[in-house]
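Here is how the chains run, residue by residue.
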Amino acid sequence: MQHEIELVDDDLAVIKVSRDLETGRRELVNQLRDSCRELINEKSRNLIVDFEEVNICPSLVWGNLLVLSKQAKENQHKICLCSLRPVLE
């Protein structure tokens, strides 16, 4: 299952992370990274990454989000994480 992208307006997008990310499959991690990168760098949007469906998360995801957060900040954009379970916080 793929991650869902909702374009809220011209400045904001929400990515609902698929529960399948818990499997650690590389293609899902890469898809999340690439979707975030496209929304931030190419479409100039602030981004909310919704982890509501995710109970565990591969460490590679956090590294990707950290790099993307730095890129977003350089472009005066933000990445916000929401609905994190206590174990992920």
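To keep things clear, this report deals only with the structure shown in the data block. (Residues numbered from 1 in each chain as written. Predicted model: local features only at pLDDT ≥ 70, side-chain atom pairs only at ≥ 80, totals over all residues. Heavy atoms only, no water.)

1. As for the side chain of H3
Note on placement: H3 falls in the segment before β1 (4-9). Given a relative accessible area of 8%, H3 falls into the buried group. Only 2.9 Å separates the side chain of H3 from the backbone nitrogen of S18, close enough to count as a polar contact. The contacts of H3, once residues within four sequence positions are left out, are I15, K16, V17, S18, L21, L28, Q31 and L32. (Helix = DSSP H or I, 4+ residues; strand = E, 2+ residues; numbered from the N terminus. Buried < 20%, exposed > 50% of the residue type's maximum accessible area, 1.4 Å probe, protein only. Polar contact = N/O pair within 3.5 Å; in protein donor to acceptor, adjacent residues only side chain to side chain. Contact = heavy atoms within 4.5 Å.)

2. Quick look at a negative patch on the surface
A cluster of acidic residues, E4, E6, E52 and E53, forms a negative patch at the surface. As for its position among the elements, E53 is in the loop between β3 (46-50) and α2 (59-74). (Patch = residues over 30% accessible without salt bridge, like charges linked within 9 Å, V, L, I, M, F, W, Y side chains within 5 Å. Areas by Shrake-Rupley, 256 points an atom, 1.4 Å probe, with all protein chains shown as cover. Salt bridge = Lys/Arg side-chain N within 4 Å of Asp/Glu carboxyl O. Lys, Arg positive; Asp, Glu negative; His and termini not counted. Charge placed at Lys NZ, Arg CZ, Asp CG, Glu CD.)

3. Observations regarding the nonpolar core
By size, the foremost hydrophobic cluster in this structure holds 21 residues, and its most contacted members are L21, C36, L47, V49, F51 and V61. Those elements that place two or more of their residues in this core are β2 (12-16), α1 (26-42), β3 and α2. Tallying contributions element by element places α1 first for this core, with six residues. Setting aside chain neighbours within four positions, we find C36 in contact with I15, L47, V49, L65 and L68. (Core = buried A, V, L, I, M, F, W, Y, C linked by side-chain atoms within 4.5 Å.)

4. A word on the pairing of β1
Bridge analysis of β1 against β2 gives five bridges, and the strand direction is antiparallel. Bridging from a neighbouring strand, I5 pairs with I15 of β2. (Pairing = 2+ DSSP bridges.)

5. Structural notes on the packing of α1 against α2
For the pair α1 and α2, interaxial distance at closest approach is 10 Å and the crossing angle is 10°. Taken as axis vectors, α1 and α2 run roughly parallel relative to one another. Side by side, α1 and α2 meet where R26, V29, L32, R33, C36, R37, I40 and N41 of the first sit next to L60, V61, N64, L65, L68, Q71 and A72 of the second. Tallied by class, residues from the contact of α1 with α2 come to nine nonpolar, three polar and three charged. (Axes fitted to C-alpha atoms, helices over the stretch in contact; angles between N-to-C directions. Parallel < 35°, antiparallel > 145°, perpendicular 65-115°, else oblique. Nonpolar A, V, L, I, M, F, W, Y, C, P; charged D, E, K, R; others polar.)

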